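# Chains, contacts and geometry: an overview
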Amino acid sequence: MNPTFTKDSEDKTNGAFGWWVSGENQKVRIHSRQNTDSDVITAVKHVKSDGFPDLEYLEFPDDEPARINLALTNGTLDLITTAAGQSDRPSYKNFHHLSAYSKGLLTNTATGGWRKDLSLFTENWNSLPSSNLPLLHIKPGQHSSVKKVTSNDTLANGSLLYPWAETLVSSGAGTSNPVTTWSSLVDFATQYKYISGSNGSGNVRMPSFHEDFHEAPFASAGRDRVTRMPLAARIYWILSYSAERITDPADPAFGKYHPHILATPVITLWNPYNVTLERDKLGIRLTNFTNYKFKFTIGTTNLPEMTMEDLMTLDPDYPANNNKNIVESTSLEIDIGGPMGAGESRIFSPADNTPIKPSRWNKVQYITLQPGVRTDGGINIPFFRDNGTTVEKVTGEPSDTFSATATLTNGTSKFNNLFYILAKTENTSDDQDGQDRTAWIGSQRFQFSTNDVQDTDVYKSFAAGELTATTLGAAESSPNAFMASEISLRTSERYIGKTKGGYQTRGLIMNNPLALHSSVGTFFENRYGGTYKGMNNPVNAPYNIAITPLTPIDSYFPSETASHNSFIVTGSTPLTGLTHAVIAELPLQPLQSLAELKHLHIHYDNYQAPFASNPIANSSAQPLIPANQTVLFPDAKATQYDESYVMNNILFDDWFVSSIAPKLGDWNSSSTSSPSAVYERFAKGTDPLPNAQYKPSVLVDPQNTSDDVTGDESYLTIASRISVDGMFNVNSTSLTAWKAFLRNRRGAEIPHINGTDSNWSVSLDDNDDQFPFTRTSVAGDSESSKSGRSGFSGANEFSGYRSFSDQQIDALAEYIVAQVKERGPFLSLSEFINRKLTSSSSEKELALGGTIQAALNNLAKESGALNPFRNLQTGREITAFPGSSADYAFQEAAEGWITEGLPGWTRQADVLTPIAPLLTVRDDTFVIRAYGDARDENNQISATAWCEVIVTRSPNFVDETDPAAAADDANDFNPSQSLNEVNQRFGRKFEIVSFRWLSSKEI
């Protein structure tokens, strides 16, 4: 530093001074977690928030946390290290990278004021006012006005997470919402209240759907509640050749064989959650066996080209009024066969091996499905032909060949599929239109109706000889499968040649299996009006339509395990598919990190793409959204958003999670301590909060704590009572600091599910010197390199959690620092987390993802052992892209691998979860070093001195007549909180933490 010279009264130099300031929050704080208990519940809490650095990496002993935590300055840190010389001491050689003291405040650095506490907000929700809630700080002095949804006002304007958005209402009174409501967020955050039971070892049970599901108003049941339900992972219609020997002597064709097509529904349900779901029955309503038309040949008889509907309506016994026929109304009742374990798949087929004949819609006839694969039951469609004057049976000899060719249906609707999965009540009504309105509430719905699929390389025709054939005699003794029409979740399954249909997409990055409602085609536009992109191509839907030619011994024929597990997510066969996959978490403990909201399903009943999984705290761009935009057709009725960008912008500067919440018993919903009691012990220093680096601020009165956490405004003011020990400024470019900070999970014990079906438990994995990242607080399977529970050998590469090596974590830190230098300085936390909105061709990498996601993307491009995802990439890169009907505005966002987003592929939110409670974009603690000297008349230095002072920002204002809990700006919800002129200008004051003189050796 250049000194400033002082002058005496004769204008002669008599000394000099200088100073240097260091922001301590850009360094890593040297301290250690004191609670190192090795029980599962403690491990769960550490997964959710843990920002303690890797002391071993910084060459400090990690076996004496109490001594480490006593250090106040770098000088006292030297008393702990065993290094002999000063230059070898970590505090000396890492002076610019580590700090003994770095406190921070939970302030909103983007728009001012304190951050709002999600913990007290969700715990006190029922007592908060029903309107005028200031939940989004738009700019200094301006807040959004949020309303609660009530039973009398289910469409309350201002209740959605996007304060500017509106609920869409159709002419038929149906509704669709661009995003869910604050009520839904509260319900998600407090899911632990709905635990119905546990085996004491982590196997937690919850009821499917919501306890008041059937009583909830229609518009809010699926939007304002977490709809806990199994998903329809795969719906097969297996088409088989069948025949019946004519045994009536009065029939002219006596002794011959009457061909049929047997359509057998085979359904795979999947529980994607981290809990066991309890439900006895579900209902599914389906339309349309297949979107293909067929030319059947029986012996030498070539029948005209027809659809399954055409074949069905030729039957003289079929009701003449076929305005609504079985093609539009197959109703299945699924006897689930007991609770479904966490992540479990289960396959179902008709319980009765005797097929039924088609029936009218208003005479709904349920087919009962039970666990297991059976293909002799279903719907039997006999062959008739119209000879111009009469309709007659098609018959043949037992040796006659029975074969088919197939092509995609032409006309106004090549694809016309619809299914609902719904809660099956005990008293399902069979009214005129077949609808049980209570059962439809909150159902999972997929609407697929489009004529815009032109690509014959995807949906292929099947010429003569390409579909298996049989004889009528063989078909009479046993149905012979020749094709499966399939609706399946578009997760990470590979589509191979003619056996499948559809384009590959970036797995869960672009597809959300939890999407309750989704639509392809003109359904949504016709119902709600408006203009939308990408809805005429199925590539943008969470479900895929696929066609699979089959033989009874084909590897693609539906198969099962001995426990009736099916194969999901990565494939449909035992060698390719997972039997179990946990991709969604219902909180079993109160939240500790904003990044846990990655599991909040905000899309709910929005029918429109994009359908991104885990949007909050992630930042991957979506190909439908232009690189420099966040929404298509922006207005109050817009539905197509970059949900990650918008939600991160809403949450990550304005909110935090204090973890002041009930202390629960192990794996149950009973509270052993109230939030007030938890806070009181925190204030008195008796017990830390689950967010252990949150400490009482100077404003806390240990003898008077109740007012801090009760009352309507406690969630607005509690941040002033908390000081963050080790708050980390993401603008840091210290590679050493980032490496130590990201290594916070060295060797962490990770809780994971062990066992299958409903008899599972939670075990702890010891990760030695690895650095684990997990999607859920209890991982769905063991670490990717170990044996797991999810099916084929190596299945937990996809379903388990990922551990990084020393080299991989170092490379991640290097990529993050490079991104910080390119993108920073960040003026808000959401700017750090989000991608950059830019259309510049030179900045595409910045537009594809946020800072940490871009670093992970670069890591995925590495070769060899430096790439942690290499085993998930082999043979799974996306090499073909859809045409213009997909409406891709940012195709680079569609490039990658089909396995991206699976639990084994670490995403930005997984990295953020344990560290998010500590992040900021400014420094609140500073080290100031000053130098001074005295000089003689010859300007020679005669004496020198060095000193160091540590100062930290106080929650108190410079003028303490304004309360510290007040916002930093004029509050439009409480004008009386407007600050005086001094505090508006100077803000909060700094206080001296320590002062010491330095020797020249310490400089």
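Residues numbered from 1 in each chain as written. Predicted model: local features only at pLDDT ≥ 70, side-chain atom pairs only at ≥ 80, totals over all residues. Heavy atoms only, no water.

In this section: the confidence of the model for the chain. On average, residues of the chain score 86 in pLDDT, and 88% of them reach the 70 mark or higher. Scored below 50 in pLDDT, residues 213-219 makes 18 contacts in the model with residues more than four places away or belonging to other chains. For residues 321-327, every residue scores under 50 in pLDDT, and the model assigns this stretch 18 contacts once sequence neighbours within four places are set aside. (pLDDT = per-residue confidence, 0-100. Contact = heavy atoms within 4.5 Å.)

To continue, consider the pattern of salt bridges. If you walk through the whole model with that rule in mind, you get 40 salt bridges. The salt bridge partner of Asp 50 is Arg 745, with a shortest N-O separation of 2.8 Å. You can see Asp 50 sitting in the loop between helix H1 (40-48) and helix H2 (65-70) and its partner Arg 745 sitting in the loop between helix H16 (735-742) and strand S38 (750-754), a full 695 residues away along the chain. Just as Asp 50 is buried, Arg 745 falls in that class too. Note that Lys 739 and Glu 814 form a salt bridge whose closest N and O atoms lie 3.9 Å from each other. Remark: Glu 814 occurs in helix H18 (residues 806-823) and Lys 739 occurs in helix H16; sequence separation between them is 75 residues. Judged by relative accessible area, Lys 739 falls into the buried class, the value being 12%. One network of salt bridges, with partners in common, ties together Asp 54, Arg 743, Arg 746, Asp 769, Asp 806 and Asp 810. (Salt bridge = Lys/Arg side-chain N within 4 Å of Asp/Glu carboxyl O. Helix = DSSP H or I, 4+ residues; strand = E, 2+ residues; numbered from the N terminus. Buried < 20%, exposed > 50% of the residue type's maximum accessible area, 1.4 Å probe, protein only.)

In this section: the sheet that holds strand S18 (residues 301-302). Read across the sheet, 4 strands follow the order S18-S17-S25-S28 without closing on themselves; strand pairing throughout is antiparallel. The two strands at the open ends of the sheet, each matched to only one other strand, are S18 and strand S28 (470-471). As defined by bridge partners, strand S17 (residues 292-298) adjoins strand S25 (residues 401-408) across 7 bridges and the pair is classed as antiparallel. Within S25, the residue paired with Phe 296 across the bridge is Ala 404. (Pairing = 2+ DSSP bridges.)

A few words now on helix H21 (residues 851-860). With respect to burial, H21 is a largely interior element, 10 of its 10 residues being buried. Along its buried surface, H21 packs onto strand S41 (802-804), H18, helix H19 (829-833), helix H20 (844-848), helix H22 (870-873) and helix H23 (908-915).

Let us now look at the sheet that holds strand S36 (residues 722-725). An order of S5-S36-S35 is seen for the 3 strands of this open sheet, with the pairing classed as antiparallel. Bordering the open sheet on either side are strand S5 (103-105) and strand S35 (694-696), each of which pairs with just one other strand. Across this sheet, the average inter-strand angle for adjacent strands is 45°, counted without regard to direction. Examined bridge by bridge, S5 and S36 share 3 bridges and lie antiparallel to one another. Bridging from a neighbouring strand, Leu 105 pairs with Ser 723 of S36. (Axes fitted to C-alpha atoms, helices over the stretch in contact; angles between N-to-C directions.)

Together, Phe 17, Trp 19 and Val 21 make up a nonpolar patch on the protein surface, roughly 300 Å² of accessible area in all. With respect to the element layout, Phe 17 can be found in strand S2 (residues 13-23). (Patch = residues over 30% accessible without salt bridge, like charges linked within 9 Å, V, L, I, M, F, W, Y side chains within 5 Å. Areas by Shrake-Rupley, 256 points an atom, 1.4 Å probe, with all protein chains shown as cover.)

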